[in-house]
Structures are given as C-alpha cells and as structure tokens.
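Observations on the three-dimensional arrangement
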Amino acid sequence: MRKSYVVDFASKTITLTAEFEKAMSDPNSSAYQTIQKLCADFPDMRIVRRTHRTPTRYTSKQGDVSACNPYKNLTYEKMEQFISALPNSTEYRRQYDFLKTYASGIQTNGYSIVRNWFIAQFPLYRKEPLFYLTGEHMVLSAADFLKKQEAMKQSA
C-alpha cells in the first residue's frame, strides 16, 4: 500500500499524494486533522505534492520510441531495403557491402561501424526518407569514412 504522505526531515518537506490532498480539503476529515497536527508540530516544514515517477525509458507523446532515438531498430535488413530503393543503389550498395565485410572481419560485431556510416550517409533517413529519391547525392566512400573514424579515435 502506498503512503498518503511522507515526512522528510532532511529536506524539510511533507510530500502528499493527490488523494490525500483532496481528502484534506474537507475540514472534518482525518486527513485534514493529520496535516494540521504535522504543521503544528513542524512549522518550518514545506508541503509539496507528489508528482509522477520519472520513467526509466522516455517515449514521445505518440508512443513512438524513434522520436527519442531516430535510429532505434535500424537493422542490416532495413538499411539494405532502404539502399535498394534508391536511384543510385548500386554505388551505395557497393560501399555498404565493402564496409559490412570489412567491419565483420575486424570485429565480432561490426554493426556499429556500418550503422555510423549509414547515419552519416543518410542523416534524414527517418525525418525525410523521400529526400534521397530526388536528385543526386554524394556517396560517402567507406574507406574515407573508416579513415575519419580512426582519426577520431586516435585524437580522443
């Protein structure tokens, strides 16, 4: 059972639940008498209302987790499907396959390297995916991308 109020002597507060606060608005209730006694006994205490607990994982108002992390659930399969739908898919796919092969050769899980290249190549992947269907866009060289990643690791 949840407590209706909590007295915290360290922070000098009396924290009330919404139900307790509603019940104490009636002067004849036991909640009102309890809060009166607490205020008389501890006049320097501040009364605060309990708010919601902070969730361990935030989601957007629509419940779309991707609003918090736009690249959540980005799998190899989804990256490949997106690349294959692009007008210049053969060049994108060549760089993607090179990077995927290279990354799996040097690490047990090379996903992070491939994912970072994909994010750098398609920053508007979630927000405006149709942006990449119109016009020509520069293909990031996988080799150049790897050199930049190594340079960033060494400088850090």
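Keep in mind that this is a model prediction, so the values were computed, not measured. (Residues numbered from 1 in each chain as written. Predicted model: local features only at pLDDT ≥ 70, side-chain atom pairs only at ≥ 80, totals over all residues. Heavy atoms only, no water.)

Turning to helix α2 (residues 30-41), a few remarks are in order. When the terminal C-alpha atoms of α2 are compared, their 16 Å separation across 12 residues agrees well with the 16 Å that a helix rising 1.5 Å per residue should span. In this structure, the buried residues of α2 make contact with β1 (5-8), β2 (13-16), α1 (18-23) and β3 (46-49). (Helix = DSSP H or I, 4+ residues; strand = E, 2+ residues; numbered from the N terminus. Expected span 1.5 Å × (residues − 1). Contact = heavy atoms within 4.5 Å.)

Attention now moves to the sheet that holds β2. Judged by pairing direction, the sheet is mixed, and its three strands sit side by side in the order β1-β2-β3 without closing on themselves. Strand pairing shows two members of the sheet lacking a second neighbour, β1 and β3, which therefore form its edges. Averaged over neighbouring strand pairs, the angle between their axes works out to 20° when direction is ignored. Examined bridge by bridge, β2 and β3 share four bridges and lie parallel to one another. (Pairing = 2+ DSSP bridges. Axes fitted to C-alpha atoms, helices over the stretch in contact; angles between N-to-C directions.)

All right, on to the packing of helix α3 (residues 76-84) against helix α4 (residues 89-106) then. Between α3 and α4, the shortest axis-to-axis distance is 9 Å and the interhelical angle comes to 155°. Judged by the angle between their axes, α3 and α4 are roughly antiparallel. Across the interface between the two elements, Y76, M79, E80, I83 and S84 from α3 touch S89, Y92, R93, Y96 and K100 from α4. Broken down by class, the residue content of the contact of α3 with α4 amounts to five nonpolar, two polar and three charged. (Parallel < 35°, antiparallel > 145°, perpendicular 65-115°, else oblique. Nonpolar A, V, L, I, M, F, W, Y, C, P; charged D, E, K, R; others polar.)

The next subject is the packing of α4 against helix α6 (residues 142-155). In the contact formed by α4 and α6, the axes pass within 9 Å of each other and the chain directions differ by 45°. Comparing the axis directions of α4 and α6 gives the class oblique. Only A142, A143, F145 and L146 of α6 make contact with α4, whose side of the interface consists of Q95, F98, L99 and Y102. In terms of residue class, the contact of α4 with α6 is built from seven nonpolar, one polar and no charged.

All right, on to the packing of aromatic side chains then. Applying the stated criterion across every chain yields a total of 15 aromatic pairs. Between the aromatic rings of Y5 and F20, the centroid separation amounts to 5.3 Å while the plane-to-plane angle is 45°, which identifies the pairing as tilted. Of the two residues, Y5 is situated in strand β1 and F20 in helix α1; the sequence distance between them amounts to 15 residues. With a centroid separation of 5.1 Å and 50° between ring planes, the pair formed by Y92 and F122 is classed as tilted. One end of the pair, Y92, is in helix α4; the other, F122, is in the loop between α5 (111-121) and α6, and 30 residues separate them in sequence. Here Y92 matches F122 in class, with each residue buried. Above the ring of Y76, the side-chain terminus of K100 is found at 4.4 Å from the ring centroid. (Phe/Tyr/Trp six-rings, centres within 6.5 Å; stacked < 30°, edge-to-face > 60°. Buried < 20%, exposed > 50% of the residue type's maximum accessible area, 1.4 Å probe, protein only. Lys NZ or Arg CZ within 6 Å of the ring centre and 35° of its normal.)

This brings us to a nonpolar patch on the surface. A contiguous nonpolar surface patch, about 280 Å² in accessible area, is contributed by F98, Y102 and I106. If you trace the backbone, Y102 turns up in helix α4. Given a relative accessible area of 32%, Y102 falls into the partly exposed group. (Patch = residues over 30% accessible without salt bridge, like charges linked within 9 Å, V, L, I, M, F, W, Y side chains within 5 Å. Areas by Shrake-Rupley, 256 points an atom, 1.4 Å probe, with all protein chains shown as cover. Salt bridge = Lys/Arg side-chain N within 4 Å of Asp/Glu carboxyl O.)

The subject of this paragraph is the confidence of the model for the protein chain. Taken as a whole, the protein chain shows an average pLDDT of 81; of its residues, 84% reach a score of 70 or greater. Mean pLDDT across the elements of the protein chain bottoms out in α6 (80) and peaks in α3 (91). (pLDDT = per-residue confidence, 0-100.)

On inspection of all chains with the given rule, the structure shows six salt bridges. Among the salt bridges present, the one from K37 reaches D41, with a minimum N-O distance of 3.6 Å. Taken together, the positions of K37 and D41, both in helix α2 and four residues apart, correspond to about one turn of that helix. On the basis of relative accessible area, K37 is assigned to the exposed category, the value being 55%. Using a relative accessible area of 45% as the deciding quantity, one classes D41 as partly exposed. Ionic pairing is found between K100 and E80, a salt bridge with its closest N-O pair at 3.0 Å. Within this pair, whereas K100 is found in helix α4, its partner E80 is found in helix α3, the two being separated by 20 residues in sequence. For K100, a relative accessible area of 27% puts it in the partly exposed group.

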